[in-house]
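Analysis of the macromolecular model
Chain residues, written in single-letter form:
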Amino acid sequence: MCKLPTIEIESFQQLLQRIEGTCLYVVWEVRCDIGPEWIGGGREIRLSIDGRPIADSEFCDRLKSAIVSAAAIPLETINTVISGEGEITLVGAKLVLEFEWLEAEPYDYPCDQGSGIVEIVIPNKKSENT
C-alpha cells in the first residue's frame, strides 16, 4: 500500500482553504501505561484531509490543542483506552467538530461512550517576546 504525502498547513487561512467543500478528519487515542501489547501511555491525535495526513507544524500543534480543549480529551487514563474520531467542518465562519468516543479496558467491551458537537477555537500564535 502506498503512503500518501502529507499536507502542509501553516495558518488558519490555509486550513480554511483546504477544508472548503470537505472536512478535516481527526482520530485520537488515550492509552493507559500498560496494556496487552504496549508499555507507555499517553495521548495521540492524528489529523487528515481526504486520507492525507497533516504534517507536524506549530499551527498543527495549536489546532490539536484546540481540539483537546473543545472535546475534553484527557492526557492519560489509569487502566482504560479511549478511542475517538470526528470531523471538523466549516459552518458559517466557525470550525465545528462532530465526534464520538469509546472508553474500554483493553480487549473488553466499552464501559463508557459519548459524542458531541463543539466549536473549535484555535489559539493565536504566542508572541516571541512573552
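Residues numbered from 1 in each chain as written. Predicted model: local features only at pLDDT ≥ 70, side-chain atom pairs only at ≥ 80, totals over all residues. Heavy atoms only, no water.

Quick notes on the overall build of the protein
Threshold: Working definition: helices are DSSP H or I runs of at least four residues, strands are E runs of at least two. Numbering for both runs from the N terminus. Exposure classes here rest on a 1.4 Å probe applied to the protein chains alone. A residue is buried below 20% of its type maximum, exposed above 50%, and partly exposed in between. Working rule for contacts: check all heavy atoms of both residues, and any pair within 4.5 Å makes them a contact. Surface accessibility follows the Shrake-Rupley procedure with a 1.4 Å probe radius. Residue values consider only the protein chains on display as shielding. Positive charges are assigned to Lys and Arg, negative charges to Asp and Glu, while His and the chain termini are left out of the count. For charged residues, the charge sits on one atom: NZ in Lys, CZ in Arg, CG in Asp, CD in Glu.
Across its full length, the protein carries 2 helices and 8 strands. Traced from its N-terminal end to its C-terminal end, the protein shows the element sequence α-β-β-β-β-β-α-β-β-β. Each of the three principal axes of the protein carries a C-alpha extent, and together these read 40 × 40 × 35 Å. Taking all 130 residues of the protein together, the buried fraction comes to 35%. Of all intrachain contacts in the protein linking residues separated by at least 6 positions in sequence, the fraction that spans at least 24 positions is 56%. In the form shown here, the protein has an accessible surface area of approximately 8500 Å², with 50% of it arising from carbon and sulfur atoms. In the protein, 11 positive and 22 negative side-chain charges are present, and the distance between their average locations comes to 8 Å.

Some words on the pairing of strand β6 (residues 81-91)
Where a strand is regular, its side chains alternate between the two sheet faces. Where we set the bar: When DSSP finds two or more bridges between two strands, those strands count as paired.
Note that strand β1 (residues 24-31) and β6 share 7 bridges and pair antiparallel. Bridge pairing in β6 places V26 opposite G86. From the end of β6 to the start of strand β7 (residues 94-104), which pair antiparallel, there are 2 residues, and G92 there has a positive phi angle of about 65°.

Side note on the sheet that holds β1
Spatial ordering of the open sheet is given by β5-β4-β1-β6-β7-β8, a layout of 6 strands whose pairing is antiparallel. Where the open sheet ends on each side, the last strands, each with one partner, are β5 (52-53) and β8 (110-120). Across 10 bridges, β7 lies against β8 in antiparallel orientation. Note on β8: the bridge partner recorded for E98 is I117.

Spatial relationships are all this shows, so hold off on functional conclusions.
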